[in-house]
Amino acid sequence: MNSVLVIDKPSGLTSHDVVNRVRRILGQKSVGHLGTLDPSATGVLPVVTGSLTRLAQFYLHSEKSYEGVIRFGFATDTYDADGEATTPELNVAPDLESVRSLAAQFRGTIQQVPPPYSAKKVAGVRAYKLARKKLDVALDPVTVEIKEFEITQVEKPWVSFRVVCSKGTYIRSLARDFGNALGVGAYLAELCRTRIGDFKLENALTIDQVS
């Protein structure tokens, strides 16, 4: 089968897990995907099969859209809900207007340091392998573009948001930097990718539907 299957990835599976399940369902080896999602994240994961695996090269720089929730009050070592707290917990009540004003500072072309728990390499070793050993991980900042960063709701200490960004943007880092800018710490509590390139969540299938 030569196809693009837009999968709504469930939380708890890696992108590679989804590819392996599609391989088993279709009974073919030539299966790949068009953009990794963290295991805890959900949403659009385009899976390509057969001759259409060559599409990957054309989607390297695709724009992506996300919706999610940031939890203010403390930070974690993974920058998301799966990590261990690295700062004391604070009782915070972010104000909608002040948070929206701060979000504007993150729009545009910015420098961003990837999370230590990421696939970036340090001296040829994946950063997450070093981080799991509790070793210091020093990653260089990268240039990314945040085209939209809108705060949609504040329900202390939770802040809901919508982001449109370039390839290479780490939403976990955005959440962490946002908390640092407020001086209260923060981590990414929930994340759903709603679009990558032309592939949208409303057109996505669950793995069970594909089966």
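Just above sits the structure.
All of these numbers come straight from a predicted model, not from anything done at the bench.

J.: Account for the nonpolar core, with residues named and values stated.
T.: Formed by 27 residues in total, the largest nonpolar core has its most connected members in Phe72, Phe149, Ile151, Phe161, Ile171 and Phe178. Secondary structure elements with two or more residues in this core: strand S4 (64-72), helix H2 (96-103), strand S8 (142-155), strand S9 (158-165), helix H4 (171-182) and strand S10 (186-196). Setting aside residues no more than four positions away along its own chain, isoleucine 151 makes contact with Leu96, Val99, Arg100, Ala103, Val159, Ser160, Phe161 and Phe178. Formed by 11 residues, the second largest nonpolar core is a distinct cluster that contains Ile7, Val19, Val22 and Val31.

J.: Please set out the packing of aromatic side chains residue by residue, giving values where relevant.
T.: The relative placement of two aromatic rings is captured by the distance of their centres and the angle of their planes. Tallied over the entire structure, the rule returns seven aromatic pairs. A centroid spacing of 5.3 Å and a plane angle of 35° characterise the contact between tyrosine 59 and phenylalanine 199, whose relative ring orientation is tilted. Taken as a pair, tyrosine 59 in the loop between strand S3 (42-49) and S4 and phenylalanine 199 in strand S11 (residues 199-200) lie far apart in primary sequence, 140 residues in all. Judged by its relative accessible area of 15%, phenylalanine 199 is buried. Measuring from centroid to centroid gives 5.5 Å for phenylalanine 106 and phenylalanine 178, while their planes differ by 90°, and the two rings are edge-to-face.

J.: Before we move on, could you go through the environment of valine 69 and cite the residues and values that matter?
T.: Its location among the elements puts valine 69 in strand S4. Those residues in contact with valine 69, other than ones at most four positions away along the chain, are Trp158, Val159, Ser160, Phe161, Tyr187, Leu188, Ala189 and Glu190.

J.: Requested: an account of the packing of H2 against H4, with residues and values cited.
T.: The geometry of H2 relative to H4 is characterised by a closest axis approach of 11 Å and an angle of 120° between their N-to-C directions. Judged by the inter-axis angle, H2 sits oblique to H4. Here H2 and H4 pass one another in a crossing that is right-handed. Contacts between H2 and H4 pair Val99, Leu102 and Ala103 from the former with Phe178, Ala181 and Leu182 from the latter.

J.: How would you sum up the layout of surface pockets? Please name residues and give values.
T.: Counted as a void, the largest pocket has a volume near 1,200 Å³. Along the walls of the largest pocket sit 37 residues, with Thr36, Leu37, Asp38, Ala119 and Tyr170 positioned nearest its centre. Elements with a contribution of two residues or more to the lining of the largest pocket: helix H1 (15-26), S4, helix H3 (127-132), H4 and S10. Of all the elements, S10 adds the most residues to the lining of the largest pocket, at three residues. Grouping the amino acids of the lining of the largest pocket by side-chain chemistry returns 16 nonpolar, 12 polar and nine charged.

J.: For the pairing of S3, give the residues involved together with the corresponding values.
T.: With respect to burial, S3 is a largely interior element, seven of its eight residues being buried. Where strand S1 (residues 3-9) meets S3, seven bridges bridge the pair, whose relative direction is antiparallel. The residue bridging serine 3 from the neighbouring strand is threonine 49, located in S3. Alignment of S3 against S10, held across two bridges, turns out to be parallel. Its bridge partner being in S10, glycine 43 is matched across the sheet by arginine 193.

Rules used in this analysis
Residues numbered from 1 in each chain as written. Predicted model: local features only at pLDDT ≥ 70, side-chain atom pairs only at ≥ 80, totals over all residues. Heavy atoms only, no water. Core = buried A, V, L, I, M, F, W, Y, C linked by side-chain atoms within 4.5 Å. Buried < 20%, exposed > 50% of the residue type's maximum accessible area, 1.4 Å probe, protein only. Helix = DSSP H or I, 4+ residues; strand = E, 2+ residues; numbered from the N terminus. Contact = heavy atoms within 4.5 Å. Phe/Tyr/Trp six-rings, centres within 6.5 Å; stacked < 30°, edge-to-face > 60°. Axes fitted to C-alpha atoms, helices over the stretch in contact; angles between N-to-C directions. Parallel < 35°, antiparallel > 145°, perpendicular 65-115°, else oblique. Left-handed = near helix turned anticlockwise from the far one by under 90°. 1 Å grid on protein atoms, 1.4 Å probe; cavity = no way out; pocket = protein on both sides within 12 Å on 5 of 7 lines; lining within 4 Å. Points joined across faces, edges and corners; volume = space filled by probe spheres on them. Nonpolar A, V, L, I, M, F, W, Y, C, P; charged D, E, K, R; others polar. Pairing = 2+ DSSP bridges.

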